[in-house]
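Chains, contacts and geometry: an overview
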Amino acid sequence: MIKFLQGLPKVELHAHLNGSLNIDSIKELAENVYGQQSDEFASMCERFITFKKGSNLNDCFQKFAFVHELTSTRKGLERATELTIRDFAKDNVMYLELRTTPKSNDNMTRRAYLEVVMAAIEKATTEHAITVKLLPSINRGEPLEVAEETVALAIELGQKEPELIAGIDFSGDPNQGKFSDFAPVLEKARQHGLKLAIHCAEIDNPSEIREMLMFGMSRCGHGTFLGNSGFAHMKEQNIPIECCLSSNVKTGTVSSFGSHHLKQLFLADAPKVLCTDDCGVFDSTLSEEFVLASETFGLTRSQCIDLTMEAVQHSFASPEEKLKMKMRLYAFTRRQ
Ligand code: 6MZ
């Protein structure tokens, strides 16, 4: 089963750039770009992927600062993007939607941040058999003006490169910021044809969950606390839940793999996709997430193929790109 899942051409729809760099690539990046090679750095890498029992979302959010330092220069960001794409391609991911929060610092404006990532995606996709789309992220912990700048850039750059910029991600620490403050800027993005992937119900916040469901979205990140009525609503609206098993269990929002809501979604025949979230931080790969799901819930090969087909369907790819992915999946299935 493991070999089958590694070979399966996969679709990753929920991956944060700075959370997706795996530990070997972090070391490679640090060495290539910054000449970093100390024992202290190696022990920082170990701490980065270690989640003690009882860890929570807050522990997870503190980890991002480590990679953010390495991607705070143009060169670092460019290499990190290339390495991340290379690693997904190595895991036989044929289609990747990468999210990232544009950041400004002494080295780069938010515009430059996005331009560096876009150029790196173009380069990496000529070197690897993978299609990549970009979703600029709004970090709900940052001021509204930052979100407005991000959306304005996504609209402008998306008009120049519509095949590359597919939508907007709304993410960040769910204990920070209010969704209602960001709803108008998200609506603006939607009016301009950008799809919305919204982190919703990652924590139990019933009034915000209600607001988000009324607002609507193209895909729902996590959906952990949606409950039965929320799942029914998502099914009715054909909105898939992006399920991230290792992420949810390691951050303690779900107590065990066996109690993950992926099971409920299967039983309810509700739309769902399997994703990694931050495969670097959570020390996983998409293949490993499939292995986890198949071992925990007894998924068959054919259910894993169906799950991938669902991901193709719910991706922000064009009809032609979807057709190509389906052909690749059929070809793989015939070889089994
Ligand atoms: C919410 C998350 C997240 O944007 O710097 N991020 N937001 N929930 C999660 N579940 C664990 N995992 C990652 O990638 C890292 C950023 O993505 C968001 C956070 O804002 C984090 O700082 P980028 O590439």
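It should be emphasised that the depicted structure is a prediction, and the values quoted were computed from it without experimental measurement. (Residues numbered from 1 in each chain as written. Predicted model: local features only at pLDDT ≥ 70, side-chain atom pairs only at ≥ 80, totals over all residues. Heavy atoms only, no water.)

1. Concerning the packing of helix α15 (residues 301–314) against helix α16 (residues 319–335)
Where α15 meets α16, the closest approach of the two axes is 10 Å, and the angle between their N-to-C directions is 170°. The orientation of α15 relative to α16 falls into the category roughly antiparallel. For the pair formed by α15 and α16, the contact residues are I305, T308, M309, V312 and Q313 on the first element and K322, M325, K326, L329, Y330 and T333 on the second. Taken together, the residues of the contact of α15 with α16 sort by class into six nonpolar, three polar and two charged. (Axes fitted to C-alpha atoms, helices over the stretch in contact; angles between N-to-C directions. Helix = DSSP H or I, 4+ residues; strand = E, 2+ residues; numbered from the N terminus. Parallel < 35°, antiparallel > 145°, perpendicular 65-115°, else oblique. Contact = heavy atoms within 4.5 Å. Nonpolar A, V, L, I, M, F, W, Y, C, P; charged D, E, K, R; others polar.)

2. Examining the pairing of strand β2 (residues 93–100)
Of all eight residues in β2, eight are buried, a share of seventy percent or more. Pairing of strand β1 (residues 10–16) with β2, which is carried by five bridges, proceeds in the parallel orientation. By the bridge assignment for β2, E12 is matched with L96. The sheet contact formed by β2 and strand β3 (residues 131–139) spans six bridges and is parallel. In the strand pairing of β3, L98 is matched with L134. Taking the sense of rotation as the criterion, the β-α-β connection linking β2, helix α7 (residues 110–127) and β3 turns out right-handed. (Buried < 20%, exposed > 50% of the residue type's maximum accessible area, 1.4 Å probe, protein only. Pairing = 2+ DSSP bridges. Right-handed = clockwise from strand over helix to strand, strands pointing away.)

3. Digging into the pattern of salt bridges
All chains considered together, the criterion is met by 16 salt bridges. D87 is the partner of R86 in a salt bridge, and the nearest nitrogen-oxygen pair spans 3.2 Å. Ionic contacts of the salt-bridge type, sharing partners, join the residues E28, R79, E82, R86, D87 and K123 into one network. (Salt bridge = Lys/Arg side-chain N within 4 Å of Asp/Glu carboxyl O.)

4. Here's the deal with the environment of D306
Structurally, the position occupied by D306 is in helix α15. A relative accessible area of 48% places D306 in the partly exposed class. For the pair D306 and L329, spaced 23 residues apart in the sequence, the C-alpha separation amounts to 9.9 Å.

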